Amino acid sequence: MNKQDFYFDLPPELIAQYPLANRSDSRLLIYNRKNGEYGHRQFREIADFLNPGDLLVMNDSKVIPARLYGHKTTGGKVELLVERITGEFTFLAHIKASKALRSGSTIQLEQGKEIKVLDRQDDLFLCQADMDVLNLLNGIGHIPLPPYITRSDETLDQNRYQTVYAKYEGSVAAPTAGLHFDEHVLSSVRSRGVTVAYLTLHVGAGTFRPVRCDNIKDHKMHSERFTISPELCEAVHATKAAGNRVIAVGTTTLRSLESAAQNGALTPCSRDTDIFIFPGYEFKICDGLMTNFHLPESTLLMLVSAFIGHKQAMMLYQEAIEKRYRFFSYGDTSLLL
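Analysis parameters
Residues numbered from 1 in each chain as written. Predicted model: local features only at pLDDT ≥ 70, side-chain atom pairs only at ≥ 80, totals over all residues. Heavy atoms only, no water. Phe/Tyr/Trp six-rings, centres within 6.5 Å; stacked < 30°, edge-to-face > 60°. Helix = DSSP H or I, 4+ residues; strand = E, 2+ residues; numbered from the N terminus. Buried < 20%, exposed > 50% of the residue type's maximum accessible area, 1.4 Å probe, protein only. Domains from an automatic or database assignment. Contact = heavy atoms within 4.5 Å. Buried area = accessible area lost by both parts, 1.4 Å probe. Salt bridge = Lys/Arg side-chain N within 4 Å of Asp/Glu carboxyl O. Polar contact = N/O pair within 3.5 Å; in protein donor to acceptor, adjacent residues only side chain to side chain. Nonpolar A, V, L, I, M, F, W, Y, C, P; charged D, E, K, R; others polar. Arc of directions from axis to C-beta.

1. Brief notes about the packing of aromatic side chains
Here comes step 1: Summed over all chains, the structure comprises 14 aromatic pairs.
Here comes step 2: Ring centres 5.2 Å apart and planes at 65° place the aromatic pair Phe8 and Tyr317 in the edge-to-face group. In this pair, Phe8 sits in the segment before strand E1 (27-32) while Tyr317 sits in helix H7 (residues 310-322), placing the two residues 309 residues apart along the sequence. Like Tyr317, Phe8 is buried.
Here comes step 3: Centroid distance Phe293 to Tyr325: 5.5 Å. Interplanar angle 70°. Geometry classified as edge-to-face. Here Phe293, found in the loop between strand E16 (288-292) and helix H6 (299-308), pairs with Tyr325, found in the loop between H7 and strand E17 (333-336); they are 32 residues apart in sequence, far enough to count as distant.

2. Quick look at the domain arrangement of the protein
Here comes step 1: By domain assignment, the protein separates into domain 1 (3-63 + 157-336) and domain 2 (67-140).
Here comes step 2: Residue-level contacts link 10 residues of domain 1 with eight residues of domain 2.
Here comes step 3: Here domain 1 and domain 2 share an interface that buries about 610 Å² over both sides, 40% of which is from carbon and sulfur atoms.
Here comes step 4: Taken together, the links from domain 1 to domain 2 amount to one salt bridge.
Here comes step 5: In this structure, Arg84 engages Asp272 in a salt bridge whose closest nitrogen and oxygen atoms are separated by 3.1 Å.
Here comes step 6: The tally of links between domain 1 and domain 2 comes to four residue pairs in polar contact (both at pLDDT 80 or more).
Here comes step 7: Partitioned by chemical class, the residues of the side of domain 1 that touches domain 2 number two nonpolar, three polar and five charged.

3. Re unusual backbone geometry
Here comes step 1: Phi angles above zero are rare outside glycine, and Gln111 is one such case at about 60°.
Here comes step 2: Residue position: Gln111 is located in the loop between strand E8 (106-109) and strand E9 (114-121).
Here comes step 3: The exposure class assigned to Gln111 is exposed, which follows from its relative accessible area of 63%.
Here comes step 4: For Arg324, which is not a glycine, the phi torsion comes out positive at approximately 65°.
Here comes step 5: For Arg324, the location among the structural elements is in the loop between H7 and E17.

4. As for the side chain of Arg67
Here comes step 1: Its place among the elements puts Arg67 in strand E5 (residues 67-72).
Here comes step 2: Overall, Arg67 belongs to the buried group, its relative accessible area being 14%.
Here comes step 3: Here Glu79 takes part through its side chain, which lies 2.9 Å from a polar atom of the side chain of Arg67.

5. Re the pattern of salt bridges
Here comes step 1: The tally for this structure, following the rule as stated, stands at 14 salt bridges.
Here comes step 2: Residues Glu13 and Arg324 are paired through a salt bridge, measuring 3.1 Å at the closest nitrogen-oxygen approach. Taken together, the residues span a long stretch of sequence, with Glu13 in the segment before E1 and Arg324 in the loop between H7 and E17 at a distance of 311 residues.
Here comes step 3: Look at Arg324 and you get partly exposed, because its relative accessible area is 43%.
Here comes step 4: Sharing partners across several salt bridges, the network here consists of Arg41, Glu45 and Asp48.

6. Let's talk about helix H1 (residues 133-140)
Here comes step 1: Looking only at H1, the buried set comprises Val133, Leu136, Leu137 and Ile140. With its buried residues spanning 95° around the axis, H1 presents them on a single face.
Here comes step 2: Check the buried side of H1 and you find it contacts E5, strand E6 (77-85), strand E7 (90-97), E8, E9 and strand E10 (124-129).

See below:
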């Protein structure tokens, strides 16, 4: 398939710039591939569409304040977006500057902190901080809002660009399907007899990398680190054995589960994945997917098209546009079965 097959015209006013006042106030578009039926509800009603015995799997990665602002010793402004922490004092980052920085360059940050550029690795820079990287980011870093949110980060984003169950620091973009859950909705889901389990995938900035080649098979996915525990594997196996559904909350969760099951059975692991899921992929684990509405021609829309069918996905997106759903990270969501 070609990239153009996944294009749709999105009115810019549908791109959510702020979250709603309450997480579970978002809208929910439900689609069932078996009968082709869909409906419109509120997210707080999500438990009504889950069955006792279902397993809901979530990504408990925590967003770090990964954006840093500084300047070169010559005075030029520099912006860094941490992609991955590689050691106590080292990290890989995207760097924006008027001129490319060379190895050995020093970047001066707020509060007298400094970063040294050690090396270039493809489109990333290996950098060294003068203190523990996480402490540095938590001290002077900014929440790394996505490029389609056109405002600067604000105090509210520290809480709202984070799931209520976020636990392990490492993501530079939120696993946004989980942003709709609050404690009340989680309680209603568990009361329904649904099991909630977790894995960890640290989302990288590469999730926003556009597909530049016409033939989507030529696209090279970014790599992200994920961890799946033995306990989660046991829960998935038990759910499947009982004839119940495994539902992934977010594309990061789905990609992790499918990556860990490439040899057939789901196995515990902690490694990188660059799995690219597009139409024609045969799903091994997931029976349902909860996900927000994604960019035109994006790998995430291609994943959705693989899950419910290309024609169905494009139809569903047109339905969302006509009904004025809010798109992207702070937007509304869908449950695809």
